[in-house]
Amino acid sequence: MEGNYYKEPLELKDFGSHCSLSEMDDFDLTRALEKPRQLKIERKRSFDERSMSELSTGYARHDSVLDMAHTPGSRSIVDTPLSYARNSFEPHPMVAEAWEALRRSMVFFRGQPVGTIAAYDHASEEVLNYDQVFVRDFVPSALAFLMNGEPDIVKNFLLKTLQLQGWEKRVDRFKLGEGVMPASFKVLHDPIRKTDTIIADFGESAIGRVAPVDSGFWWIILLRAYTKSTGDLTLSETPECQKGMRLILSLCLSEGFDTFPTLLCADGCSMVDRRMGVYGYPIEIQALFFMALRSALSMLKPDDEGREFIERIVKRLHALSFHMRNYFWLDFQQLNDIYRYKTEEYSHTAVNKFNVMPDSIPDWVFDFMPHRGGYFVGNVSPARMDFRWFSLGNCVSILSSLATPDQSMAIMDLLEHRWEELVGEMPLKICYPCIEGHEWRIVTGCDPKNTRWSYHNGGSWPVLLWTLTAACIKTGRPQIARRAIDLIESRLHRDCWPEYYDGKQGRYVGKQARKFQTWSIAGYLVAKMMLEDPSHIGMISLEEDKQMKPVIKRSASWTC
Ligand code: GLC
């Protein structure tokens, strides 16, 4: 990787007043499909993506931009899904079952739908916390409702979690940061008093007592999805939502002892919510951080309080994209370079900046790496490079355009090349490969749930289908998503929508997997709706910001 990979950061002082069109080109996405369907896209006013290029010349007014979005629907929750009506072809029978199961999982607070329960598994003896509404789990549910023209539940969820953010949060005697969003919440119904109350978990009840770093990022991403899908700017522009965003951002943009623009995290602070050796700078969090920063940039008002955040976001995005695209990226060429690294290099001329020991490269990665293809590795910190492949971080990198177009293509190339390993019989592995034996004992602390090829340790999670499908559509590879959906359709319903599958091929229903896991259900629906109507992807994807474009450089994955 060359050092001078990107253009100089923007001059922030150049702000003026200027409007610009969103870069989102939905028609490109339509073209990307093998057999494009007749799309009925209505042009309507929506909010724009404030890009850094716009910022160099001025702040764009949200409502001054013509953009693609869906006509907001106001359908009742018992209606036939709109996606049926839109298409002439017969829907898969699983779709109706999925909608029914998704609606069964809805949680109400004082008569209003506010979220979906994590799993509706009556057969399971242990409920644990699967009867709660998890912020991360609700994201695919929210997208399904938005795509089906039912935004109310999403709005209620955003407002309810915003209220919860305002709670004072403590773990024992320690007060948590103001901006922390809950991992989950639960509605308690008192049938006698006829009252509803909410309890929330900010990490103080979670296994390992870790605050969910991803929740705040998902919240911002969802607020943008809601705004983009409905064209309703009034929610994101409320003082409450603006403050909520600023509080989340304060937590991750504050100055400290950091020497990297990435976010330092504890193990268990995201989807992988227990010890799995992902502490440090996990790719999932970095990609979500990047996407949340870009989403916030498009929604923050440039008023007295917002302006400073906007400036900090712009600077951080430049540094973060540079760091990630250079130091987290691995392809054949880069692997070969690391293999030949010298160690103990001192000063600015060091090539091996993090002092990675070539001996620490695991054997599997040499065989795994195709000539064509690449991915963002799991983690990079001093003398520690986690070479594992993590699906969510890589898909979100594509969706947020953290990955350059070449890198996005290379990620998809690798997925195609390593289909057996990464997908096998059930999409999609949460990470590859698993850890076992002594390494498993040390890294997981002997976790019996995270044994090899199970759960977070190389297990296969159907929920990841929606991020994979979105990445496929964005990179113009819908056929890959279709292949994955075919696999899901051959089993998921029959197996009662498990949370995860086990085994090298993802062939077995997970050892302790819940059934009727809501995000497995919603993830399937979102994937189906996006393939049917690729313009949906606009709510969960951000186009590349031209100002962050690398100076012309071919990815090593294209040289062979
Ligand atoms: C598990 C998963 C976590 C998810 C939760 C609820 O703890 O690891 O990512 O949010 O279940 O489904």
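Residues numbered from 1 in each chain as written. Predicted model: local features only at pLDDT ≥ 70, side-chain atom pairs only at ≥ 80, totals over all residues. Heavy atoms only, no water.

Looking up the chain in an unreviewed UniProt entry gives the name Alkaline/neutral invertase, with the organism given as Cardamine amara subsp. amara. Quoted verbatim from the Function (unreviewed entry) field of UniProt, the annotation for the chain is "Invertase that cleaves sucrose into glucose and fructose." (UniProt positions renumbered as here; feature names shortened; annotations may be inferred.)

S.K.: Before we go on, may I ask you to explain the sheet that holds strand β11 (residues 374-381) in this structure?
M.R.: Strands in a sheet are paired, the pairing made by backbone hydrogen bonds, and the direction either parallel or antiparallel. Reading across the sheet, the four strands line up as β10-β11-β12-β13 and stay open at both edges, with antiparallel pairing between neighbours. Taken across any chain shown, the strands that pair with only one partner, and hence form the sheet edges, are β10 (329-331) and β13 (431-432). In this sheet, strand β12 (residues 384-390) lies alongside β11 in antiparallel orientation, the contact comprising four bridges. Note that in β12 the partner of V380 across the bridge is M385. Sheet contacts for helix α13 (residues 391-400): β11 and β12; angle to β12, the most-contacted strand, approximately 80 degrees. (Pairing = 2+ DSSP bridges. Helix = DSSP H or I, 4+ residues; strand = E, 2+ residues; numbered from the N terminus. Contact = heavy atoms within 4.5 Å. Axes fitted to C-alpha atoms, helices over the stretch in contact; angles between N-to-C directions.)

S.K.: Just to check I follow, could you spell out the packing of aromatic side chains for this structure?
M.R.: Two aromatic rings are characterised by how far apart their centres lie and by the angle between their planes. The tally for this structure, following the rule as stated, stands at 22 aromatic pairs. Here the aromatic rings of W167 and F202 are separated by 6.3 Å at their centres, their planes lie at 55 degrees, and the arrangement is tilted. Here W167 is found in the loop between α6 (152-165) and β6 (170-171), whereas its partner F202 is found in the loop between β9 (195-201) and α7 (213-230), with 35 residues between them in sequence. We classify F202 as buried; its relative accessible area is 1%. Lying across the ring of F309, R312 places its NZ or CZ 5.1 Å from the centre. Here the basic side chain of K449 rests over the ring of Y455, its NZ or CZ set 4.3 Å away from the ring centre. (Phe/Tyr/Trp six-rings, centres within 6.5 Å; stacked < 30°, edge-to-face > 60°. Buried < 20%, exposed > 50% of the residue type's maximum accessible area, 1.4 Å probe, protein only. Lys NZ or Arg CZ within 6 Å of the ring centre and 35° of its normal.)

S.K.: What am I meant to see in the nonpolar core here?
M.R.: It is characteristic of soluble globular proteins that their nonpolar side chains tend to be buried jointly. By size, the foremost hydrophobic cluster in this structure holds 166 residues, and its most contacted members are W219, Y375 and Y524. At twelve residues, helix α9 (residues 283-299) tops the list of elements feeding residues into this core. Setting aside residues no more than four positions away along its own chain, Y524 makes contact with H92, M94, V95, A98, L465, I485, I488, E489 and W497. (Core = buried A, V, L, I, M, F, W, Y, C linked by side-chain atoms within 4.5 Å.)

S.K.: Can you help me understand the site of the ligand in this one?
M.R.: Every residue lining the ligand is accounted for by A118, Y130, F134, R136, D137, M271, D273, Y455, H456, E499, Q517 and W519. Contact distances for the ligand include 2.7 Å between an oxygen atom and a side-chain N or O atom of D273. In the model, an oxygen atom of the ligand is placed 2.7 Å from a nitrogen or oxygen of the H456 side chain. Relative to its unbound accessible surface of 300 Å², the ligand loses 96% to contact with the protein. Cavity membership is defined here by more than half of the atoms lying within 2 Å of grid points; on that basis the ligand lies in the largest pocket. Looking at the shell around the ligand, its residues break down into six nonpolar, two polar and four charged. (Near = heavy atom within 4 Å. Polar contact = N/O pair within 3.5 Å; in protein donor to acceptor, adjacent residues only side chain to side chain. Areas by Shrake-Rupley, 256 points an atom, 1.4 Å probe, with all protein chains shown as cover. 1 Å grid on protein atoms, 1.4 Å probe; cavity = no way out; pocket = protein on both sides within 12 Å on 5 of 7 lines; lining within 4 Å. Sits in = over half its atoms within 2 Å of the grid points. Nonpolar A, V, L, I, M, F, W, Y, C, P; charged D, E, K, R; others polar.)

S.K.: Sorry if this is basic, but what is going on with the pairing of β9 here?
M.R.: Within a regular strand, the side chains alternate between the two sheet faces. When strand β8 (residues 184-190) meets β9, the two strands line up antiparallel, connected through seven bridges. Opposite L188, over in β9, you have T197 as the bridge partner. Hairpin connection, β8 to β9: the antiparallel pair is bridged by four residues, and K194 has positive phi, about 55 degrees.

S.K.: Mind showing me how you'd approach the pattern of salt bridges here?
M.R.: Oppositely charged side chains may form a pair once their charged atoms are brought near each other. Tallied over the full model, the rule gives 16 salt bridges. One salt bridge in this structure joins D131 and K186, with 2.6 Å as the shortest N-O distance. With D131 in the loop between β4 (112-116) and β5 (133-134) and K186 in strand β8, the pair connects residues that are 55 residues apart, well separated along the chain. Overall, the relative accessible area of 22% leaves K186 in the partly exposed class. (Salt bridge = Lys/Arg side-chain N within 4 Å of Asp/Glu carboxyl O.)

S.K.: Is there a simple way to think about the packing of helix α18 (residues 478-491) against helix α19 (residues 518-532) in this case?
M.R.: Any two packed helices are characterised by the angle at which their axes cross and by the distance between the axes. Between α18 and α19, the least distance of the axes is 11 Å, while the angle of their chain directions is 140 degrees. Here α18 lies oblique to α19, going by the angle between them. Seen from above, α18 lies across α19 with left-handed handedness. Along the contact surface, α18 presents P478, A481, R482, I485, I488 and E489, while α19 presents Y524, A527, K528 and L531. When the residues that make up the contact of α18 with α19 are grouped by side-chain class, the tally is seven nonpolar, no polar and three charged. (Parallel < 35°, antiparallel > 145°, perpendicular 65-115°, else oblique. Left-handed = near helix turned anticlockwise from the far one by under 90°.)

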